[in-house]
Amino acid sequence: MATETTATLAEPVVGSPKPDPILVVDGVQRRFGGMTAVDVDHLEVQRGVITALIGPNGAGKTTLFNLLTGFDQPGQGTWSFDGRPIAGKSGASVARAGMVRTFQLTKALSRLTVLQNMLLATPHHPGERFWLSWLPFTWRAHERAAEAKALEILERFKLDAKRDDYAGSLSGGQRKLLEMARALMTDPTMIMLDEPMAGVNPALVQSLLGHVQALRDEGMTVLFVEHDMHAVRHISDWVVVMAEGRVVAEGPPSSVMSDPAVVDAYLGAHHDTDLGDDALLDPAMLARLESEEEKR
Ligand SMILES: Nc1ncnc2c1ncn2[C@@H]1O[C@H](COP(=O)(O)OP(=O)(O)OP(=O)(O)O)[C@@H](O)[C@H]1O
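In the annotation of an unreviewed UniProt entry, the protein is listed under the name Amino acid/amide ABC transporter ATP-binding protein 1 (HAAT family) and assigned to Xylanimonas ulmi.

Given below as structure tokens:
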């Protein structure tokens, strides 16, 4: 079942200061030709809570994600993570600073085993440092430690039995778990999940949501982009809504998803968008799906 954060939350106002911000974004703009994809004045993400980033297709969510994690560069703007400015840093240095994003399993990664996928995500792989790669002892000790860590994380996600299977043979939900597991190899402070529920069988959704909440309960900050509004309503502590590049609303899910500005933003793009209704999350059904998943 859903658990809630124990953190004190901010005022549900766009750009509101947060009690303990881990990420602070200022004046970030990204244009593609004549089109402004992202135009965020001020946004703070609170440490230790689950924040969902939602909005209609083309709202700029992925572009903002790419900018913040160093995989794209803005025309202008600054942002800081954990008190340090990180605008302009590469994806690798952002990850080293503790902000890690998940990636969808590519074709190349699908041809590697689950364990190999995990080991590729190992930080400070000695092979990256030329002089260390000459020392077989350092190499082997590092590999053993990385493998032990990978297996521990795989066990947590119930993927340990799949360690030698090709990642490409995993189900949609198991792939999402592997993406999360890979990100944890670097011991992040903040994890950014790109559509964690996309392509996930309903029977696995609850288990995935539980894993995301567990990360938050261990003190990690979670920011995720998601189209599944039931999942957003169910696990987010805070929701940030984007439309046409801007943040148009933010606040707790219960209030923000019935905010007229949010409904308008969605209705402008999709007349049939369902912003998630808790009545549809039948607790008995969820419990049954969860126990079926446990038995598998
Ligand atoms: N590399 C690019 N070149 C040109 N335009 C781009 C590029 N990347 C994104 N855009 C445009 O920027 C806008 C924002 O796109 P973005 O993918 O960030 O939206 P989104 O909110 O993530 O949408 P979705 O929910 O559909 O993934 C869109 O109009 C998109 O077409």
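(A) Main features of the environment of Met 229. Looking at where Met 229 falls in the secondary structure, it is placed in helix H8 (residues 229-235). Sequence separation of Met 229 and Met 257 is 28 residues, and the distance between their C-alpha atoms is 9.1 Å.

(B) Quick peek at the nonpolar core. In this structure, Ala 181, Val 239 and Val 241 are the most contacted members of the largest nonpolar core, which totals 71 residues. In contact with Val 239, not counting residues within four places along its chain, are Ala 52, Ile 54, Val 232, Glu 250, Gly 251, Pro 253, Val 256 and Met 257.

(C) Quick peek at the site of the ligand. Around the ligand, the surrounding shell consists of Phe 32, Ala 37, Gly 55, Asn 57, Gly 58, Ala 59, Gly 60, Lys 61, Thr 62 and Thr 63. Broken down by element, the shell around the ligand gets its largest block of residues, 3 residues, from helix H1 (residues 61-68). The class makeup of the residues in the shell around the ligand is 3 nonpolar, 6 polar and 1 charged.

(D) Quick peek at the sheet that holds strand S2 (residues 35-46). Taken in spatial order, the 4 strands line up as S2-S1-S4-S5 in an open sheet, and their pairing is antiparallel. In this open sheet, the two edge strands, each paired with only one partner strand, are S2 and strand S5 (84-85). Inspection of the sheet shows strand S4 (residues 76-81) paired to S5 by 2 bridges, in the antiparallel sense. The residue of S5 that forms the bridge with Ser 80 is Pro 85. Those strands touched by H1 are strand S1 (21-32), S2 and S4, and its axis lies near 65 degrees from that of S2.

(E) Quick peek at the domain arrangement of the protein. Taken domain by domain, the protein comprises domain 1 (15-98 + 188-296) and domain 2 (106-187). Looking at the side of domain 1 that touches domain 2, the elements with two or more residues in it are strand S7 (190-194) and helix H7 (202-217). In terms of residue count, the dominant contributor to the side of domain 1 that touches domain 2 is H7 (3 residues). Considering only residue class, the side of domain 1 that touches domain 2 consists of 8 nonpolar, 3 polar and no charged.

Calculation criteria
- Residues numbered from 1 in each chain as written.
- Predicted model: local features only at pLDDT ≥ 70, side-chain atom pairs only at ≥ 80, totals over all residues.
- Helix = DSSP H or I, 4+ residues; strand = E, 2+ residues; numbered from the N terminus.
- Core = buried A, V, L, I, M, F, W, Y, C linked by C-beta atoms within 7 Å.
- Buried ≥ 20, exposed ≤ 12 C-beta atoms within 10 Å, placed from the backbone.
- Contact = placed C-beta atoms within 7 Å.
- Near = placed C-beta within 6 Å.
- Nonpolar A, V, L, I, M, F, W, Y, C, P; charged D, E, K, R; others polar.
- Pairing = 2+ DSSP bridges.
- Axes fitted to C-alpha atoms, helices over the stretch in contact; angles between N-to-C directions.
- Domains from an automatic or database assignment.

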